[in-house]
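# Summary of the model geometry
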Amino acid sequence: MSSVEQFPFVNADTTLGEAGFRPYMPIQLVSQQCLITASALLDAGATVNVSNIFT
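No experiment lies behind these values; they were computed from the predicted model shown.

### Things to note about the overall build of the protein chain
Summing up its helical and strand segments, the protein chain has 0 helices and 3 strands in all. Element order for the protein chain, N to C, with α for helix and β for strand: β-β-β. By residue count, 5% of the 55 residues in the protein chain fall in the buried class. Taking as baseline every contact in the protein chain between residues at least 6 positions apart, the subset at least 24 positions apart corresponds to 10%. Element-wise, carbon and sulfur atoms account for 55% of the exposed surface of the protein chain, whose accessible area totals about 5,200 Å².

### Some details on the confidence of the model for the protein chain
The predicted model of the protein chain has a mean per-residue pLDDT of 81, with 80% of residues at 70 or higher. Averaged over each element, pLDDT in the protein chain is lowest for strand β1 (residues 9-11) (88) and highest for strand β3 (residues 35-41) (92).

### What to know about the pairing of strand β2 (residues 21-30)
On a regular strand, each side chain points to the face opposite its neighbour's, so the side chains alternate between the two faces of the sheet. Here 3 bridges tie β1 to β2, and the two strands are oriented antiparallel to one another. Within β2, the residue paired with Asn 11 across the bridge is Phe 21. Where β2 meets β3, 7 bridges bridge the pair, whose relative direction is antiparallel. The residue bridging Leu 29 from the neighbouring strand is Ile 36, located in β3.

### Regarding the sheet that holds β3
Read across the sheet, 3 strands follow the order β1-β2-β3 without closing on themselves; strand pairing throughout is antiparallel. A strand with exactly one partner marks an edge of an open sheet, and here the two such strands are β1 and β3. In this sheet, adjacent strand axes meet at a mean angle of 50° when their direction is disregarded.

### Description of the environment of Ala 12
Tracing the backbone through its elements, the reader meets Ala 12 in the loop between β1 and β2. As for Ala 12 and Tyr 24, which are separated by 12 residues in sequence, their C-alpha atoms are 9.9 Å apart. Contact partners of Ala 12, with chain neighbours within four places excluded, come to Gly 20, Arg 22 and Tyr 24.

Quick notes on the rules
Residues numbered from 1 in each chain as written. Predicted model: local features only at pLDDT ≥ 70, side-chain atom pairs only at ≥ 80, totals over all residues. Heavy atoms only, no water. Helix = DSSP H or I, 4+ residues; strand = E, 2+ residues; numbered from the N terminus. Buried < 20%, exposed > 50% of the residue type's maximum accessible area, 1.4 Å probe, protein only. Contact = heavy atoms within 4.5 Å. Areas by Shrake-Rupley, 256 points an atom, 1.4 Å probe, with all protein chains shown as cover. pLDDT = per-residue confidence, 0-100. Pairing = 2+ DSSP bridges. Axes fitted to C-alpha atoms, helices over the stretch in contact; angles between N-to-C directions.

Have a look at this one:
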């Protein structure tokens, strides 16, 4: 059985309206000398799919 976690969608580009929201996951990068806390962008599929047809 898999565990499920939900991550927040953050508005990365306010000029895009709802299309500007992206899912981010908190991560920690650890080495012997330091610890960095960051956010990783999740690949949740296409945010916007636009198809242009020129005739």
